[in-house]
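# Structural features, examined
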Amino acid sequence: MTDEYSVTVRREIAAAAEDLFDAWLDAQSLGSWLRPSGIRETRAETDPRVDGTFRIVMVDDESSTVHTGTYREIDRPRRLVFTWSSPSTRFRDSIVTVTFQPSADGSTVVEIHQVGLPDEEARASHHAGWSDALRELDRAAHDRTSAGS
């Protein structure tokens with residue numbers, strides 16, 4: 001078996017790179033937006049330091065799914081690298097790299113690149129899940145901006 005399966009998703013979000021980066025490390029924030037379609041609650045625990053770990057529990061109407069990982073690189077506000085293991089990865093560590101590229105207009109392009117997925121089904125489900133998550137992060141950033149206005 002090879003690590004041929006990978007996924008990349010990106011989204012431009014009208015928020016500062018620092019704020020978006022921090023949203024990935026703060027457990028309360030992570031729990032509020034890391035909700036792919038069908039997930040009604042996300043509970044997160046984070047130890048945001050290199051070699052620190054996280055545990056994310058996503059709850060739908062029928063069950064809960066645990067995702068775990070270890071932070072490998074934390075370069076605020078440019079790049080975050082961590083392992084990601086769940087039933088969808090067959091409990092193998094995949095590697096997720098999130099980059100934050102500020103734009104001239106004050107928005108940020110957030111890109112998620114995940115490698116080491118076991119098969120096409122895992123690739124497709126992670127593509128959908130990360131796309132949903134970035135949409136929710138965008139919504140959360142917009143709500144914070146609107147509330148601050």
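Remember, it's a predicted structure, so these values are computed and weren't measured experimentally. Sequence order as written defines residue numbering, which begins from 1 separately in each chain. In keeping with the predicted nature of the model, local features appear solely for residues at pLDDT of at least 70, side-chain atom pairs appear and are counted solely at 80 or more, and the whole-chain, interface and lining totals rest on all residues. Side-chain metrics rest on all non-hydrogen atoms present in the structure, leaving aside hydrogens and water.

## Let's talk about the side chain of Ser86
Segments assigned H or I by DSSP are reported as helices when at least four residues long, segments assigned E as strands when at least two residues long, and all are numbered from the N terminus. Within the secondary structure layout, Ser86 lies in the loop between β5 (79-84) and β6 (94-102). Classification of Ser86 by relative accessible area gives buried; the value is 1%. Throughout, a residue-residue contact means that at least one pair of heavy atoms, one from each residue, lies within 4.5 Å. Ignoring sequence-local partners within four residues, the contact set of Ser86 consists of Val66, His67, Phe91 and His126. Here's how the labels work: a residue is buried when its accessible area is under 20% of the maximum for its type, exposed when over 50%, partly exposed in between, all with a 1.4 Å probe on protein chains only.

## A few points about the packing of aromatic side chains
For any pair of aromatic rings, geometry is given as the distance between the ring centres together with the angle between the planes. Each pair of aromatic rings taken from Phe, Tyr and Trp, with Trp reduced to its six-membered ring, is defined by centres within 6.5 Å and is described as stacked if the planes are under 30 degrees apart, edge-to-face if over 60, and tilted in the remaining cases. This model, assessed by the stated rule, comprises 10 aromatic pairs. Centre to centre, the rings of Trp24 and Trp130 are 6.0 Å apart; their planes meet at 35°, and the pair counts as tilted. Residue Trp24 is located in helix α1 (residues 17-25), and its partner Trp130 is located in helix α3 (residues 120-148); the two are separated by 106 residues in the primary sequence. Take Trp24 and Trp130: they sit in the same class, and that class is buried. Summarising the aromatic geometry, the rings of Phe54 and Trp84 are spaced 5.9 Å apart at their centres and angled 35° between planes, so their arrangement reads as tilted. Here the residue Phe54 occupies a position in strand β3 (residues 53-59), and Trp84 occupies one in strand β5, the gap between them amounting to 30 residues. On the basis of relative accessible area, Phe54 is assigned to the buried category, the value being 4%. Given a relative accessible area of 4%, Trp84 falls into the buried group.

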